[in-house]
Amino acid sequence: MSGALETVRNAVRNIVKQIAGVLHRLSGGSITPNMVTVTSLLAHVPIAYFIATGSYVLAAGLLVVFGLMDALDGELARLQKKASAGGMLLDASTDRMKEVILYIGAAYALINRPVGDYSPALIAALVVAACGGSLLVSYVKAKGETAVKDGSLTANQVNRLFQNGLMRYEVRMFALVVGLLVNELALAVGLIAVTAWYTAFARLFAIYRKLG
């Protein structure tokens, strides 16, 4: 499973790297990584609106496009030699903001269109669990990086210490895209809720082991 995900991730990274090169050449370097990051964040507002109003396929398509932008800013930063701790902070923070925005749209959609015999209250609790679990995955990683911070490591190396796990950000977004495409948003949210909490606990245990 992890090997297949890594293969897909590397393939996407190679595509995005080529896109970054073309974008850099066409713009003469005037498009910065932070501009890409902020544009992606703003784009998630209409995506959440499309989810809320039931335009699932359109929302999924836009998520794929702007999902590529999540990797594009990093590739552009490396190409322009602008990789920095500030850029990583902005990228990680806006990723969390985007998730919250998307779950707002999902909550609105599912509460207004109840699934089977499930009550709106249960659906709301499920979305909160998915949102909370997703944030915890990143929160535990961030606290772990602080706990084991080593002066011999670069900011990028520290950032990569505990980024593995079953339900990483890009995997959560993939699950959401699939759920939207097959009209199973509630199932996708439920899957994210369970696996995100599992991932958060797995990362927590990994940090404890690292601390010895």
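Scroll up a little and you will see the structure.
Residues numbered from 1 in each chain as written. Predicted model: local features only at pLDDT ≥ 70, side-chain atom pairs only at ≥ 80, totals over all residues. Heavy atoms only, no water.

With that settled, the discussion passes to the overall build of the protein chain. When its secondary structure is counted, the protein chain shows eight helices and zero strands. Going through the 212 residues of the protein chain one by one, you find that 38% of them count as buried. If you take every contact in the protein chain between residues at least 6 apart in sequence, the share linking residues at least 24 apart comes to 80%. Surface exposure of the protein chain reaches about 11500 Å², of which carbon and sulfur atoms provide 68%. (Helix = DSSP H or I, 4+ residues; strand = E, 2+ residues; numbered from the N terminus. Buried < 20%, exposed > 50% of the residue type's maximum accessible area, 1.4 Å probe, protein only. Contact = heavy atoms within 4.5 Å. Areas by Shrake-Rupley, 256 points an atom, 1.4 Å probe, with all protein chains shown as cover.)

A surface patch of nonpolar side chains, amounting to about 480 Å² of accessible area, comprises Val57, Phe174, Val178, Leu181 and Val182. Take the nonpolar patch: its biggest share by element is three residues, from helix H7 (residues 169-181). Note that valine 178 resides in helix H7. By relative accessible area, which is 35% here, valine 178 ends up partly exposed. (Patch = residues over 30% accessible without salt bridge, like charges linked within 9 Å, V, L, I, M, F, W, Y side chains within 5 Å. Salt bridge = Lys/Arg side-chain N within 4 Å of Asp/Glu carboxyl O.)

What follows deals with unusual backbone geometry. Positive phi outside glycine occurs at asparagine 183, with the angle close to 60 degrees. For asparagine 183, the location among the structural elements is in the loop between H7 and helix H8 (185-211). Overall, the relative accessible area of 55% leaves asparagine 183 in the exposed class.

Further remarks concern the nonpolar core. Side chains of nonpolar character tend, in soluble globular proteins, to be buried together. Ranked by size, the top nonpolar core spans 40 residues in total, and within it Ile51, Leu176, Leu180 and Leu185 carry the most contacts. Looking at this core, the elements with two or more residues in it are helix H1 (2-27), helix H2 (33-52), helix H3 (56-79), helix H4 (85-112), helix H5 (120-147), H7 and H8. Other than its neighbours up to four places away in sequence, leucine 185 contacts Ile51, Tyr56, Ala106, Ala109, Leu110, Leu176, Gly179 and Leu180. (Core = buried A, V, L, I, M, F, W, Y, C linked by side-chain atoms within 4.5 Å.)

Turning our eyes to something else, we now look at the packing of aromatic side chains. On inspection of all chains with the given rule, the structure shows three aromatic pairs. On the numbers, 6.4 Å between centres and 35 degrees between planes, the contact of tryptophan 197 with phenylalanine 201 is tilted. Of this pair, tryptophan 197 and phenylalanine 201 both sit in helix H8, four residues apart, which is roughly one turn of the helix. On the accessibility criterion, phenylalanine 201 (44% relative accessible area) is partly exposed. Feature note: the residues Trp197, Phe201 and Phe205 constitute an aromatic cluster, connected by ring pairs. The cationic tip of arginine 96 hangs over the ring face of tyrosine 169; the distance from NZ or CZ to the ring centre is 5.3 Å. (Phe/Tyr/Trp six-rings, centres within 6.5 Å; stacked < 30°, edge-to-face > 60°. Lys NZ or Arg CZ within 6 Å of the ring centre and 35° of its normal.)

Turning our attention to the pattern of salt bridges. Inspection of every chain in the model, using the stated rule, returns four salt bridges. Arginine 172 is paired through a salt bridge with glutamate 99; the nearest N and O atoms lie 2.7 Å apart. In this pair, arginine 172 is assigned in helix H7 and glutamate 99 in helix H4, connecting sequence segments 73 residues apart. Each member of the pair, arginine 172 together with glutamate 99, is buried. With its nearest N and O atoms 3.1 Å apart, the salt bridge here joins arginine 168 to glutamate 170. Judged by relative accessible area, which is 11%, arginine 168 ranks as buried.

Following the sequence through the fold, threonine 37 ends up in helix H2. Look past the residues within four positions of threonine 37 in its chain and what remains in contact with it is Asp73, Leu90, Asp91 and Thr94.

Between its first and last C-alpha, H2 extends 29 Å over 20 residues, near the 28 Å set by a 1.5 Å rise per residue. Among all positions in H2, only Pro33, Val36, Thr37, Ser40, Leu41, Ala43, His44, Ile47, Ala48, Ile51 and Ala52 are buried. The inward-facing, buried residues of H2 contact H3, H4, H7 and H8. Positive phi shows up at glycine 54, right after H2, with a value of about 90 degrees. (Expected span 1.5 Å × (residues − 1).)

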